[in-house]
Amino acid sequence: MPDTSLPVTPAQPVRFRGGGFTVRTHRWAALLAFAVLIAVWESTNRFGLVSPLFLPPPSAVAKALGAMVADGSLWQHLKASLMRIGVGWAMGTVCGMAVGFAMGIGSVARAVGVPLVSAFFPIPKIALLPLFILWFGIGEPSKFATIGFGVFFPTVIATYSAIDSVPRNLIRMAQSFGLPWASILRKIVLPGALPGILAGFRITASIALILVVAAEMIGAEYGIGAFVLTAGNLMLTDQLLAGVLVLSLLGLAIGTVLSILERRLLKWR
Amino acid sequence: MRLIIKDLCHRYDDLVVLEGIDLTVREGEVLAVIGPSGCGKSTLLGIAGGIVAPTSGTIETAGAVPDGCLNPVTFIFQDFALLPWRSVEDNLALVLEHHPLPAAERRERIEAGLRRMGLWDFRKALPKQLSGGMRQRVGIARALAVRPAMLLLDEPLSALDAQTRELLMEDFLALWQRERTTALYVTHNLDEALRLADRVVVLSRRPGRLREIVTIEEPRDQRLQPSAQAHLAEVRDRLWHLIRAEAQLADREIANA
Ligand SMILES: Nc1ncnc2c1ncn2[C@@H]1O[C@H](COP(=O)(O)OP(=O)(O)OP(=O)(O)O)[C@@H](O)[C@H]1O
Ligand SMILES: [Mg+2]
């Protein structure tokens with residue numbers, strides 16, 4: 001029976017008020033923005049608004065890059081840089097993970113390690129290159145050391161905080177089923193820490209890229225950093241920008257490789 | 001297997017959590033533990049299972065273990081504690097891998113556990129693909145794979161919705177019908193205790209002391225019968241009477257802390 005004590009209101013449609021504040025994908029927007037940016041950049045040069053000496057048009061950069069590919073110099077420089085990144089990063093990562101693991105599971109290692117890492121971490125590692133050159137000479141080892149040192153500390157921090165974030169209840173579970181210590185480390189701690197460690201790789205890869213360029217600018221015959229510096233000294237801005245383009249593509253490629261790695265290894269998330 | 005706890009006390013730094021607990025879990029019985037939040041139930045279970053070191057007191061086990069028992073005292077966890085990166089069958093394999101079993105027996109144990117909990121078709125699934133009830137079934141299957149002599153269950157159904165809880169209670173009933181595995185079962189839920197337990201231990205608010213042990217006379221498989229309801233209602237009243245005041249006081253203490 002209808003309640004007669006309430007005022008009767010006519011039926012009204014419910015007004016939708018849940019719009020906005022959600023993220024939708026716009027596939028073409030980014031591509032379009034790129035195209036517009038390149039078109040504007042190209043036309044500033046065509047219409048003589050900017051001197052090509054200071055900012056060469058994209059077409060000139062592309063041409064310079066084409067020439068570098070054709071005469072094989074691109075590969076020569078890239079090879080030198082990749083080798084330095086590879087060796088330096090691997091050294092820093094292997095040592096950093098070992099120390100990070102020790103700090104993650106051993107309380108003595110942590111007590112000793114945390115203050116040391118906090119003290120060394122803020123040093124801009126490139127400032128140590130002159131010292132490393134004195135120690136190891138101007139050749140490759142000093143560059144490996146700079147990159148390795150720069151990669152080492154963030155790896156330590158990423159590794160031990162990743163180990164801290166492994167759920168304690170999983171470790172307790174493993175203990176309650178009598179898993180031996182080494183198995184707990186291998187089957188629980190390592191896979192549990194992997195997401196954090198891989199996130200650390202992303203940071204250390206970009207640090208390695210910055211450091212390799214800086215180190216090559218200080219003293220190297222080959223390498224993208226050396227190439228960019230030389231091009232700048234000779235005012236060959238089209239070549240300079242081609243070098244910069246190669247570096248950003250390199251960064252992109254490293255990021256993609258890491259993404260694939262994450263997708264493969266962290267399927268369970 | 002039985003578990004004998006004598007004069008157990010436990011402190012976390014200055015916080016006294018358990019005090020003067022004397023308790024025996026008898027061979028083949030299901031002993032429920034109820035008590036207000038924070039009174040030390042999980043701590044008691046952790047101590048019983050050897051993953052928390054008590055401040056003082058002794059815990060002993062005695063009696064027979066089943067054939068092929070690999071881990072006499074075995075936990076079933078509230079949050080399931082499954083490895084998210086391992087499939088269902090590999091989560092079971094985890095607790096067998098460090099034992100020198102023939103490969104065939106390992107496979108056989110995993111298959112038996114999975115089939116029993118109705119998980120065979122989901123053996124390749126990752127935990128994130130399963131519902132809460134299914135995940136706890138994996139937890140139970142994992143516990144069964146080691147053929148335990150005693151189960152320690154810490155609010156195994158608390159993370160589940162009411163219907164799922166009901167279904168899993170049936171699974172537990174079937175388990176205790178078949179194996180009569182001794183169990184220490186911590187719960188907040190009186191209904192669970194009344195359905196599953198032979199005896200119910202009531203702990204006081206923190207520091208947890210043994211207030212009373214209430215025996216449920218009705219056989220487990222007859223507790224849904226109309227004839228059982230009078231006795232169960234009486235036990236329920238008694239338990240509620242015991243925990244009501246404690247729970248209220250504990251609640252206020254938490255608010256004041
Ligand atoms: N590792 C720890 N360190 C310090 N204090 C702890 C620790 N674990 C538990 N406590 C404290 O000890 C008390 C008892 O904890 P416990 O988990 O045993 O209680 P509980 O009865 O299981 O509680 P709940 O009903 O909430 O599950 C709580 O006040 C808790 O905050
Ligand atoms: Mg608890």
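Residues numbered from 1 in each chain as written. Chains lettered and ligands numbered in written order. Predicted model: local features only at pLDDT ≥ 70, side-chain atom pairs only at ≥ 80, totals over all residues. Heavy atoms only, no water.

Inclusion rule: UniProt positions are given in the numbering used here, feature names are shortened, and annotations may be inferred rather than shown by experiment.
An unreviewed UniProt entry lists chain B under the name NitT/TauT family transport system ATP-binding protein, with Azospirillum rugosum given as the organism. Recorded in UniProt under Sequence similarities (unreviewed entry), the annotation for chain B is "Belongs to the ABC transporter superfamily."

Chain A appears in an unreviewed UniProt entry as NitT/TauT family transport system permease protein from Azospirillum rugosum. Looking at chain A in UniProt, the text filed under Sequence similarities (unreviewed entry) is "Belongs to the binding-protein-dependent transport system permease family." As stated in UniProt under Subcellular location (unreviewed entry), the record for chain A gives "Cell membrane".

1. Side note on the side chain of Thr187 of chain B
Residue and element names in this part refer to chain B. Convention followed: Under the DSSP-based scheme used, a helix requires at least four consecutive residues in state H or I and a strand at least two consecutive residues in state E, with every element numbered from the N terminus. In protein, a polar contact requires one atom able to donate a hydrogen and another able to accept it; more generally it is a pair of N or O atoms within 3.5 Å, and residues adjacent in sequence count only if both atoms are side-chain atoms. Should any heavy atoms of two residues lie within 4.5 Å, those residues are counted as being in contact.
Position of Thr187 among the secondary structure elements: in the loop between strand S7 (182-186) and helix H6 (190-196). In terms of polar contacts, Thr187 uses its side chain to reach the side chain of Glu192, at 3.0 Å. Setting aside its immediate chain neighbours within four residues, Thr187 contacts Val33, Ile34, Lys41, Glu155, Glu192 and Ala193.

2. Looking at the environment of Asp198 of chain B
Residues and elements named next belong to chain B. Position of Asp198 relative to the elements: it lies in the loop between H6 and strand S8 (199-203). Separated by 51 residues in sequence, Asp198 and Leu249 have C-alpha atoms that sit 28 Å apart. Not counting residues within four places of it along the chain, the set of residues in contact with Asp198 comprises Gly28, Glu29, Val30, Val214, Thr215, Ile216, Arg220 and Arg223. Of note is the side chain of Asp198, whose polar atom sits 3.3 Å from the side chain of Arg220.

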